[in-house]
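Commentary on secondary and tertiary structure
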Amino acid sequence: MAAEDHEAEDGATRELIRTSLRDTLFVEAGAGTGKTSALVDRVVALVLGGRAIERIVAITFTEKAAAELRDRVRAGLEAAREKYTASETTITEALASLDRAQISTIHSFGQSLLYSYAAEAGIDPSFRVQDEVMAERRFQERWRIYLENLAEDQEAGSAIDRALGLGLSTRHIEALTVELSRRPDLATLLQAGCPPADVPVWPDLKEMSALLEGLPLQMPPPDDRLVAKVKRLVSLVNELLLNETDRESTLAAAAEVLEPPWRISTQLAWGGKENMDRVLAVGADVACRLNETLQACRSQALAAVLPVVVRFVIEDAHQRARDGALTFDDLIVLVRDLLKDNREAVRSLRARYEVMLIDEFQDTDPLQVEIALAFATDPESGALEPGRLFLVGDPKQSIYRFRRADMAIYSQTREAVETGGAVFPVLALNRRSRGILLDWINNVFSTLIGPGWKQDIQPGYRSIYDGRRSGDLAGPGVAWIGGDAGEANARQVREIEAGQVVANCLAAVEEGWQVAEHNDTVRPAAFSDIAVLMPTRAVLPALERAFSEAGLPYRVESGSLIYRTQEVRDLLNCLTAIDDPADEVAIVASLRSVAFACSDVELAEYKATGGPWNYLSPRLEGMQGRVADGLRALASYHRERHECSVAALVDRFVAKTEQVVIGMLDAGNRNSFRRARFVVEQARAFEAAEPASLRAFVNWMESRAGEAILDNEGAGLDDDEDAVRVLTIHGAKGLEFPIVFVAGLGTAPTNRPGAYLIDRSTGETGVCIGSKYANRRFMLGPVDRLIEFENRHTDAEYGRLLYVATTRARDHLVVSLYHSKRALATCGARKLIEHGAKDHGQKRPELIEEPKLNKRAFEDLEPDAAQEPAECEFAERRQALVAAATKRRYTSATALGG
Ligand SMILES: Nc1ncnc2c1ncn2[C@@H]1O[C@H](COP(=O)(O)OP(=O)(O)OP(=O)(O)O)[C@@H](O)[C@H]1O
Ligand SMILES: [Mg+2]
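Residues numbered from 1 in each chain as written. Chains lettered and ligands numbered in written order. Predicted model: local features only at pLDDT ≥ 70, side-chain atom pairs only at ≥ 80, totals over all residues. Heavy atoms only, no water.

Re the pattern of salt bridges
Taken as a whole, this structure holds 56 salt bridges when the rule is applied. One salt bridge in this structure joins Glu 790 and Arg 401, with 2.8 Å as the shortest N-O distance. Residue Glu 790 is located in helix H31 (residues 783–806), and its partner Arg 401 is located in the loop between strand E7 (389–393) and helix H18 (407–419); the two are separated by 389 residues in the primary sequence. We classify Glu 790 as buried; its relative accessible area is 12%. The partner of Asp 529 in a salt bridge is Arg 523, with the nearest N and O atoms 2.9 Å apart. Here Arg 523 falls in the partly exposed class, since its relative accessible area comes to 27%. It is possible to trace a salt-bridge network through shared partners that takes in Arg 138, Arg 142, Asp 316, Arg 320, Asp 323 and Asp 330. (Salt bridge = Lys/Arg side-chain N within 4 Å of Asp/Glu carboxyl O. Helix = DSSP H or I, 4+ residues; strand = E, 2+ residues; numbered from the N terminus. Buried < 20%, exposed > 50% of the residue type's maximum accessible area, 1.4 Å probe, protein only.)

What follows is the structure, given as structure tokens:
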């Protein structure tokens with residue numbers, strides 16, 4: 001299709017948006033085609049058409065987007081007032097009422113509805129929405145009480161006992177409960193029916209015993225691993241034969257032996273191939289049959305535990321409603337339930353509002369869909385009422401699966417509104433990016449995303465065309481850096497990549513790349529025109545170091561990234577050190593942090609003179625120097641730790657060690673100030689309900705760092721701040737920047753499916769909890785299939801994430817393709833290369849000498865987020881180190897001691 005045809009088609013769509021106010025419209029179009037702008041136009045058209053602004057609901061994804069949308073509606077109305085003088089009074093009235101208009105997130109909308117219908121919804125009318133810290137503490141408390149009271153409920157008690165006997169830990173039951181508490185829609189689903197459990201069948205143990213007896217176990221040397229494993233099987237089978245009463249637990253205790261590997265010996269040891277093959281076949285067969293029985297027992301046990309968990313989740317949700325202490329998720333669930341059960345509420349909602357407009361519809365959660373459809377459906381006829389809904393979205397930009405967005409729900413809704421008579425006008429002209437960028441985007445994603453729907457997993461790619469038609473700008477258009485980094489490991493790749501990204505940010509300004517304002521005025525780029533986007537937090541530490549070393553101002557914007565910043569981690573290390581004099585890893589890390597600024601040389605010298613890391617050790621007394629002073633300071637905070645609140649302690653620690661001042665002088669920006677405040681604020685929130693221990697606070701903060709947090713509340717730059725923005729791709733959704741760097745694509749996405757699995761296209765569900773190491777998992781339902789299904793979603797969504805990232809750029813796009821030789825083919829860098837990212841873009845020259853690949857001191861102590869499962873493993877490893885260090889009291893847990 002020629003550009004003029006797109007022009008005509010887009011023009012027709014815009015006309016439709018302005019004029020067919022009595023139709024349901026669903027504008028499904030690619031990135032930057034003006035969907036959000038179309039939504040604004042529709043609001044203005046509705047006002048011009050005589051709707052009171054208070055009777056319009058506009059819903060978007062984040063508070064920030066909602067504020068921006070309100071501003072854009074204001075600007076739209078003001079422009080319309082100039083243009084349509086006849087409607088001046090109407091528009092002036094709308095402008096005067098704009099602050100009261102329901103332009104918000106779905107959560108704020110839900111909250112305002114619940115205030116009106118508190119009685120009907122069964123909630124305390126003076127309810128409050130708890131912040132996450134409070135909600136979590138409340139949960140912990142109530143869960144503890146629930147478990148204690150279970151002693152009186154014999155059935156529930158024995159269900160849990162059985163599961164524990166089979167190797168489940170209470171931690172895993174709690175993890176499932178937490179997850180279902182956050183997804184109460186699933187709890188209701190489960191209440192209606194659990195996935196079916198397997199029925200255990202015990203194999204013929206006597207036959208097994210005879211089979212094993214016949215093996216030549218005397219043949220190999222006693223230290224042969226295979227013979228040891230088979231002997232354990234023999235004694236397990238014998239034990240099972242003897243112990244008829246508690247077979248399950250006996251079997252569970254030997255779970256590890258039932259798993260591969262089996263090829264752990266040599267033919268030589270077994271006197272030839274024939275012997276060895278027989279042992280392998282019999283051993284693996286016996287183990288496999290016993291494992292099937294074990295898994296079935298676990299499946300049954302889990303099926304019995306599930307209702308106990310679900311009962312708590314549902315009771316606790318009711319209790320929160322009665323107490324008026326709601327969580328964010330409650331807001332949506334309660335509104336959905338209200339509209340499902342209460343016709344009067346539906347009628348009155350439909351009377352109060354005339355139209356609902358939803359932006360970013362591809363990331364809508366299933367409950368929000370139900371709310372929208374309840375609003376738009378005529379309760380008498382059951383049909384969609386035309387003109388009630390206006391939806392805009394781009395399925396290729398759906399990236400919030402971890403927050404329940406689902407392609408299957410999207411296509412089901414699409415079908416439902418289509419059947420209900422919705423019109424699907426098209427927009428194809430991109431108004432954001434230069435044509436040179438769009439060519440690259442179309443070339444790469446037409447194959448990376450691919451041509452068609454794959455079973456509700458991936459939407460088909462549709463090209464976007466240049467609607468901006470801007471002139472040439474100095475600078476590269478689309479450029480790439482990096483590629484296969486040879487022998488470098490994942491960490492080293494990130495160091496090299498960070499250096500190059502920062503050098504290129506600097507070059508963009510120094511080389512005088514040009515950017516165009518919205519009115520097409522061209523000017524040289526400033527740092528604040530640049531955004532560095534990344535899929536995860538893994539590259540952040542390296543990137544921050546590189547920014548600081550280059551003295552280049554930058555600002556980390558996405559909320560969840562803050563937990564991974566050096567300052568916050570340093571501070572948490574200091575707090576851990578203050579809390580626990582035996583935590584040598586934390587103590588050494590604190591000494592190295594800005595708080596005490598000890599160099600590696602100083603630390604090594606201190607250790608060489610026999611100095612203890614434990615700051616309560618009497619041997620510290622005579623020691624001199626900066627390290628010893630630091631340890632004494634830690635000791636004094638340790639003694640004071642119970643005398644004040646955690647927040648006050650953090651506050652004082654930050655002030656006394658002058659971290660903020662040092663940070664500002666050192667890095668030349670305000671990040672250290674913001675981050676110190678952030679930790680203090682978190683501590684304050686954590687303690688709001690009741691005093692908490694330092695340890696509890698640190699644990700909580702660390703668990704936050706490991707979680708996927710809804711990442712959307714970037715704080716924006718201060719007006720006077722010329723700094724590069726750093727944010728996650730999730731945080732950049734819906735936004736645009738003149739210059740975009742995409743980095744951190746050297747790591748493949750990891751699918752960490754939750755405890756609860758669901759395929760919304762078939763309705764199949766499953767539960768999978770417990771560690772996958774050492775055969776500790778408990779599974780219920782078709783878990784393997786659902787995990788495989790989830791993997792395909794993860795891969796498809798990652799492709800969309802790359803599309804979101806690269807379509808944020810207006811004038812220049814630089815993609816970093818760094819990856820290690822061993823990086824998986826599913827990592828972003830390799831995917832992009834495979835789909836022509838290099839062929840269609842230009843290579844940037846390497847700007848600085850690449851750093852030498854020396855191992856840094858203490859490197860082993862830092863979490864390597866790319867090496868999965870990073871965060872939790874780091875925590876575990878650190879605990880192990882600490883435990884070891886505590887035993888060997890005067891040996892360092894760090895490289896220094898060894
Ligand atoms: N009709 C138009 N004429 C000129 N510029 C426009 C028009 N519509 C939108 N724009 C500009 O194009 C850019 C992209 O618009 P908008 O953010 O509405 O797109 P979008 O489709 O919502 O993008 P995304 O897919 O990222 O959400 C913005 O800078 C906007 O100001
Ligand atoms: Mg948009």
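Considering the side chain of Asp 10
Relative to the helices and strands, Asp 10 is located in helix H1 (residues 3–19). Of the buried charged residues, Asp 10 lacks a salt bridge, with Arg 431 as the closest side chain of opposite charge at 4.1 Å. Each residue touching Asp 10, except ones within four places of it in the same chain, is listed here: Val 426, Leu 427, Ala 428, Leu 429 and Arg 431. (Lys, Arg positive; Asp, Glu negative; His and termini not counted. Contact = heavy atoms within 4.5 Å.)

Concerning the packing of helix H22 (residues 566–579) against helix H26 (residues 646–656)
Where H22 meets H26, the axes come as close as 12 Å, and the angle between the chain directions of the two elements is 115 degrees. Here H22 lies roughly perpendicular to H26, going by the angle between them. The two elements H22 and H26 meet at a crossing, and its hand is right-handed. Together, Leu 571, Cys 574, Leu 575 and Ile 578 of H22 and Leu 649, Val 650, Phe 653 and Val 654 of H26 make up the contact between the two elements. Its residues assigned to classes, the contact of H22 with H26 comprises eight nonpolar, no polar and no charged. (Axes fitted to C-alpha atoms, helices over the stretch in contact; angles between N-to-C directions. Parallel < 35°, antiparallel > 145°, perpendicular 65-115°, else oblique. Left-handed = near helix turned anticlockwise from the far one by under 90°. Nonpolar A, V, L, I, M, F, W, Y, C, P; charged D, E, K, R; others polar.)

Considerations on the sheet that holds strand E19 (residues 778–780)
The antiparallel open sheet is built from three strands, whose spatial order is E17-E18-E19. Two strands close off the open sheet at either side, each with one partner strand: strand E17 (756–759) and E19. On average, adjacent strands in this sheet sit at an angle of 15 degrees to one another, irrespective of strand direction. Here four bridges tie E17 to strand E18 (residues 764–769), and the two strands are oriented antiparallel to one another. Bridge assignment links Tyr 756 to a residue of E18, and that residue is Val 767. Sheet strands in contact with helix H14 (residues 273–323) are E18 and E19, and its direction is about 75 degrees off that of E19. Across the face of the sheet, H31 comes into contact with E17, E18 and E19 while running at roughly 75 degrees to E17. (Pairing = 2+ DSSP bridges.)

Describing the nonpolar core
Formed by 66 residues in total, the largest nonpolar core has its most connected members in Leu 180, Leu 233 and Leu 290. Broken down by element, the residue count for this core peaks at 20 residues, all from H14. Core analysis: the second largest hydrophobic core is formed by 48 residues, Phe 596, Leu 631, Phe 697 and Val 698 among them. (Core = buried A, V, L, I, M, F, W, Y, C linked by side-chain atoms within 4.5 Å.)

Examining the environment of Glu 248
Within the secondary structure, Glu 248 sits in helix H13 (residues 247–253). As a C-alpha pair, Glu 248 and Thr 293 span 45 residues in sequence and 8.9 Å in three-dimensional space. Ignoring anything within four residues of it in the chain, the contact list for Glu 248 reads Arg 162, Leu 166, Trp 202 and Cys 297.

Observations concerning the site of ligand 1
For ligand 1, the set of nearby residues contains 18 residues, the closest of which are Lys 35, Thr 36, Ser 37, Glu 736 and Arg 808. One of the backbone N or O atoms of Thr 33 is found 3.2 Å from an oxygen atom in ligand 1. Taking Gly 34, its main chain carries an N or O atom lying 3.0 Å from an oxygen atom of ligand 1. Protein coverage of the free-state accessible area of ligand 1, which is 630 Å², stands at 79%. Looking at which element gives the most residues to the shell around ligand 1, the answer is helix H2 (residues 35–48), with three residues. (Near = heavy atom within 4 Å. Polar contact = N/O pair within 3.5 Å; in protein donor to acceptor, adjacent residues only side chain to side chain. Areas by Shrake-Rupley, 256 points an atom, 1.4 Å probe, with all protein chains shown as cover.)

Structural notes on the sheet that holds E7
If you trace the five strands from one edge of the open sheet to the other, you get E1-E7-E6-E2-E3, paired in parallel fashion. On the outer flanks of this sheet lie strand E1 (25–28) and strand E3 (102–105), each paired with one strand and no other. In this sheet, adjacent strand axes meet at a mean angle of 10 degrees when their direction is disregarded. Relative to E3, strand E2 (residues 56–60) runs parallel, the two sharing four bridges. Following the sheet pairing, Ala 58 is matched in E3 by Ile 103. Of the strands in this sheet, E2 and E3 touch helix H3 (residues 63–83), which is tilted by about 155 degrees from E3.

A look at the confidence of the model for the protein
Any region with low pLDDT has predicted coordinates that should not be read closely. In the predicted model, the protein carries a mean pLDDT of 86, and 90% of its residues have values of at least 70. Between residues 708–717, whose pLDDT stays under 50, and residues either more than four places distant or in other chains, the model counts 36 contacts. Below a pLDDT of 50 lies the segment residues 850–875, which in the model reaches 56 contacts outside its immediate sequence neighbourhood of four places, other chains included. (pLDDT = per-residue confidence, 0-100.)

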